[in-house]
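Report on the structure
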Amino acid sequence: MKYFVGIDGGGTKTELVVVNEKGSVVAKKRVGSSNASDLGKERVIELLLELVQSALPADTEQADVCMGLSGVGFSGCAGEIEVAIAAIPCVGKVRVYSDVQIALDSAYDGDGCIVIIGTGSVGYVRLDGELHLVGGSGFMLDSSLSGYDLGREAINAVLSVTDGRGEQTLLTGIFEGLGESDIRQTVRSVYAKGKAYVASFAPTVFEAFEKGDKVAKSILRHCVSEWEKLLLGVWRTYGEEKCEVTLFGGVTKRWETIKRFLSEEMLAKISFRVAEKPVVWGAVKDAASSVSEAFYAEFIRTY
């Protein structure tokens, strides 16, 4: 039997699906990060090999694989990953892209604009088949609306209360409710666990804002303002009076709150839509090369 394997590898989670020739999802797996910039290419290759091998059905005669991985551009290891995966018996074509590219392929067949707001934040524009990156310099350089930025601001706000630098905030109580009563221990954990741990605190900002917290409101206003700089870059790159941007990533779950902070100028320049198709669909579509509406309908039905 022939199968298609799609992998969406982000900074926090990695999702794999195996699809048959009719579009039916026959296997699905989720593990943690597969970002080579964080884990190192050797560990990522090991992780992906184990993931693909464990997911392939016993009756596999050929499996074509496409994966979009965060950090693959910075690490420069796409070729090595392709070679390693192609060495698996019964694996046919292997393609390794950025996770941003498979998100674009999930949203559009041709030209279009996407912005991902997950652990990090990045924009991508495709014009006449050519890809243009906007932002995406990594958490150490970017400042935008991302899980990492929101989580960092939340931690800093609570720290500021403990040593008298900042005003009281409901974020303190929310942290304590998460078992983070020792904020200094949280700081130690930040340096030990990294950016995914910081991003895990992003929901506390929305929770505090919904309860009327002024500090949380200020954090959201600041982060959205920074995010608008990325959005302006996407709009300028696309070059139209108004463009559509499809949004991906975990932070989009809070879109109804986020859009309350967008400026009138931004709403006039960009029409936003939250992605309906999962990012991993872009990888499946690229692995299969040619898909029909029936194939997609079956994928969604069984996904």
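Note: the structure precedes this text.
Scope of this entry: the structure provided in the associated data block. By convention here, each chain's residues receive numbers from 1 onward along its written sequence. At least 70 in pLDDT is required for a residue's local features to be given in this predicted model, at least 80 for side-chain atom pairs to be given and counted, and no such filter applies to totals for whole chains, interfaces and linings, which use all residues. Think of the side-chain values as coming from all heavy atoms in the structure, minus any hydrogens and water.

Quick look at the environment of Ala107
Condition: Counting from the N terminus, the helices are the DSSP runs of H or I reaching at least four residues and the strands are the DSSP runs of E reaching at least two. Any residue under 20% of the maximum accessible area for its type is buried, any over 50% is exposed, and the rest in between are partly exposed; the area is computed with a 1.4 Å probe on protein chains only. Note on contacts: a residue pair is in contact if any heavy atoms of the two residues lie within 4.5 Å.
In this fold, Ala107 is placed in helix 5 (residues 99-107). Accessibility expressed as a relative area gives 17% for Ala107, which makes it buried. Taking C-alpha positions, Ala107 is 7.6 Å from Gly282, a pair spaced 175 residues apart along the chain. When residues no more than four places from it in sequence are discounted, the contact partners of Ala107 are Ile114, Thr246, Phe248 and Arg273.

Considering the layout of surface pockets
Worth spelling out the cut-off: Cavity and pocket criteria rest on a 1 Å grid covering protein atoms alone: a 1.4 Å probe that fits but cannot get out defines a cavity, protein on both sides within 12 Å along at least 5 of 7 lines defines an open pocket, and an atom within 4 Å of a point defines a lining residue. Grid points are joined across faces, edges and corners, and a volume is the space filled by probe spheres set on the points. Three classes are used, and their members are as follows: Ala, Val, Leu, Ile, Met, Phe, Trp, Tyr, Cys and Pro are nonpolar, Asp, Glu, Lys and Arg are charged, and the others, Gly among them, are polar.
Size it by volume and the second largest pocket reaches roughly 260 Å³. In terms of lining residues, the second largest pocket is bounded by Phe139, Tyr148, Arg152, Ile155, Asn156, Leu159, Val187, Val190, Tyr191, Gly194, Lys195 and Val198. Of all the elements in the fold, those that place two or more residues in the lining of the second largest pocket are helix 6 (147-162), helix 8 (183-193) and helix 9 (195-199). With five residues, helix 6 is the largest single contributor of residues to the lining of the second largest pocket. A breakdown of the residues in the lining of the second largest pocket according to their chemical character gives eight nonpolar, two polar and two charged.

Here we look at the sheet that holds strand 9 (residues 243-248)
Going by this rule: For two strands to count as paired, DSSP must find a minimum of two bridges between them. Only the contacting stretch of a helix is used when fitting its axis, a line to C-alpha atoms as for every element, and angles between N-to-C directions run 0 to 180 degrees.
The sheet built from five strands is open, its strands ordered 8-7-6-9-10 with mixed pairing. The outermost strands of the open sheet, each flanked by one partner alone, are strand 8 (130-135) and strand 10 (270-274). Across this sheet, the average inter-strand angle for adjacent strands is 25 degrees, counted without regard to direction. Direction of pairing for strand 6 (residues 112-117) relative to strand 9: parallel, over a ladder of four bridges. Considered in strand 9, the bridge of Val115 is made with Leu247. Across the sheet, helix 5 lies against strand 6, strand 7 (121-127), strand 8, strand 9 and strand 10, angled at about 125 degrees from strand 6, the strand it touches most.

Comments concerning the packing of helix 6 against helix 11 (residues 214-238)
This is how the line gets drawn: What makes a crossing left-handed is the near helix being turned counterclockwise from the far one by less than a right angle; a clockwise turn instead makes it right-handed.
Here helix 6 crosses helix 11 at 145 degrees, and the two axes come no closer than 10 Å. Crossing of helix 6 over helix 11 shows right-handed handedness. The segment helix 6 lies against helix 11, with Asp149, Leu150, Glu153, Ala154 and Ala157 engaging Val215, Ile219, Leu220, His222 and Cys223. Of the residues belonging to the contact of helix 6 with helix 11, the class tally is seven nonpolar, one polar and two charged.

Geometric values such as these leave the question of function open.
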